[in-house]
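What follows is the residue order along each chain.
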Amino acid sequence: MTGQIEWTALAVFIFFFALVTVMGFFAARWKSGPVNDHLDEWGLGGRQFGTWITWFLVGGDFYTAYTVIAVPALVYAVGAYGFFALPYTIIVYPFVFAVMPVLWKKAHAGGHVTAADVVHAAYGSRSLELAVALTGLVATMPYIALQLIGMEVVIKAMGLTGELPIIAAFVILALYTYSSGLRAPALIAFVKDIMIYIVVLVAVIVVPTKLGGYGAVFSAANDAFTAKGGATGLTLKPAQFLPYATLALGSALAAFMYPHTLTGIFASKSADTIRKNAMLLPAYTLLLGLIALLGYMAYAAGIKVTSPNDVVPTLFKTLFPSWFAGFAFSAIAIGALVPAAVMSIGAANLFTRNVWKSYVNPDISNAGEASVAKITSLVVKVGALAFILFLPTQYALDLQLLGGLWIVQTLPALVFGLFTVWFRAEGLLLGWAVGIGWGTYTAWSNGLKPLATITLGDTSYTFYVGLGALLLNIVVAVLATVVVGWVSPAKRSAAVGS
């Protein structure tokens, strides 16, 4: 700790953190069910969450603490290009409306807990099931670590240094998640989202008022980007149109392939609940747009930081009284706890159902599944914490970019099987491998940047690597399915496709 501790902010922060901790442990008795007796109860909250609970839960694990930190940071750093998160969180909801109710029906009818469960039921392939499960597990780990980075930034802003505060916060998270399962983040999400809405709405009204209005905000940001030059500015450069569009589309397709977002889908009580949420969740997109504007406001406030991640905390410390800064910091930190909990639960469900049950103990009981999942959730959190403590922050960010590239490669196996039985497991597995391999190699050779460039004739095209890898994945899956069909013309039995 340093001598510059913001005691008022810290006191407010501790109060709200303690509040959600109590709520987390209380959640074991909320919407009561045998939490320890069945994975459906611990890992999916009994599959009984209605429209409002699902809205808060899915919003809570989709719009994370790192979103509140990273989106304004990217806007602060590059300008308009940082707004790609807005179209992607608009594109995603028609996809959710059309696809996720079908997925829910399949999962509900078959008692499936994970995406890999659904894939195995559709194709009868343990190899494809394992590929989907391992992709989800690997893609989730750096995502959890990024929630810690968001929490770490606001803890540092209050004058606390060292690893002890972040370790203490995560130990508390681990304990109440272990005790209450998905009910804990579902209940806490109510508090988290209300706090975030209050913080953002106050900020977008008060900050411009203090800085001379939005005209002054945009003018200051424009002057800063003009001085900086390069690919920055209040509007996109022509060369940024294609990468912006492909990044938005690819990110939208990946968003609901992650285990944590699918966990919210599986936990819903009906397909209609999911459709209603697809209509209601765009309210968060409006919130995200307002959050992004904080990056521009930082220029008008004359804020200079060594890391763009410090923009939002520094802005609140500079322009608001200490008590409100503490409230904002607690909202952001709680915004890390909700998705981190759901992510660890989603990863635990995958490991339990598609690794442990499939390969270690096929005869495991329902209570045994719940027990393995609870222990796995602890291991996942410890792994994410070690990620932050022992590796540079940049690795977590880089691997999260790869995480989106990887997880979107599971889309053909999961989504296509909901609507057709034409594809063969061998084709989908080969497509997955090619997509993962080419995408990873391309991103790695570009310094782990999410964009790649190809030249056709005299024209170069820059695009999101994940979307390019997905298209390659689908082409290979189609061709391989055709070839397998020629070699083995016998159709799969109706039991496999059911």
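Worth saying up front: this structure is predicted, and the values here are computed from it rather than measured.

Enquirer: Could you give me a rundown of the nonpolar core, with the residues and numbers involved?
Expert: The biggest cluster of nonpolar side chains holds 178 residues, and the ones touching the most others in it are Met 100, Phe 256, Tyr 296, Met 297 and Phe 316. With residues near it in sequence (within four places) discarded, Tyr 296 still touches Val 75, Gly 79, Ala 80, Phe 83, Val 217, Phe 218, Ala 221, Phe 225, Gly 233 and Leu 234.

Enquirer: Give me the lowdown on the packing of helix α5 (residues 85-110) against helix α11 (residues 241-255), citing residues and values where you can.
Expert: Taken N-terminus to C-terminus, the directions of α5 and α11 make an angle of 45 degrees; their axes are 8 Å apart at the nearest point. Relative to α11, the element α5 is oriented oblique. You can see that α5 and α11 cross each other, and the crossing is right-handed. The residues of α11 that touch α5, namely those facing Pro 87, Tyr 88, Ile 91, Val 92 and Phe 95, are Tyr 244, Ala 248, Leu 249, Ser 251, Ala 252, Leu 253 and Ala 255. Taken together, the residues of the contact of α5 with α11 sort by class into eleven nonpolar, one polar and no charged.

Enquirer: Talk me through the environment of Pro 450; I want residue IDs and the actual numbers.
Expert: Along the chain, the position of Pro 450 falls in the loop between α21 (425-445) and β1 (451-456). On the accessibility criterion, Pro 450 (23% relative accessible area) is partly exposed. Filtering out sequence-adjacent residues up to four positions away, Pro 450 remains in contact with Leu 401, Phe 463, Tyr 464 and Val 465.

Enquirer: Give a description of the pairing of strand β2 (residues 459-464) that names residues and reports values.
Expert: Where β1 meets β2, six bridges bridge the pair, whose relative direction is antiparallel. The partner of Ile 454 across the bridge, within β2, is Tyr 461. The antiparallel hairpin formed by β1 and β2 contains two residues in its connecting segment, where Gly 457 sits at a positive phi of about 70 degrees.

Enquirer: Could you give an account of unusual backbone geometry, with specific residues and numbers?
Expert: The residue Leu 448 is not glycine, and still its phi comes out positive at about 60 degrees. Mapped onto the elements, Leu 448 comes out in the loop between α21 and β1.

So, how was this worked out
- Residues numbered from 1 in each chain as written.
- Predicted model: local features only at pLDDT ≥ 70, side-chain atom pairs only at ≥ 80, totals over all residues.
- Heavy atoms only, no water.
- Core = buried A, V, L, I, M, F, W, Y, C linked by side-chain atoms within 4.5 Å.
- Buried < 20%, exposed > 50% of the residue type's maximum accessible area, 1.4 Å probe, protein only.
- Contact = heavy atoms within 4.5 Å.
- Axes fitted to C-alpha atoms, helices over the stretch in contact; angles between N-to-C directions.
- Helix = DSSP H or I, 4+ residues; strand = E, 2+ residues; numbered from the N terminus.
- Parallel < 35°, antiparallel > 145°, perpendicular 65-115°, else oblique.
- Left-handed = near helix turned anticlockwise from the far one by under 90°.
- Nonpolar A, V, L, I, M, F, W, Y, C, P; charged D, E, K, R; others polar.
- Pairing = 2+ DSSP bridges.

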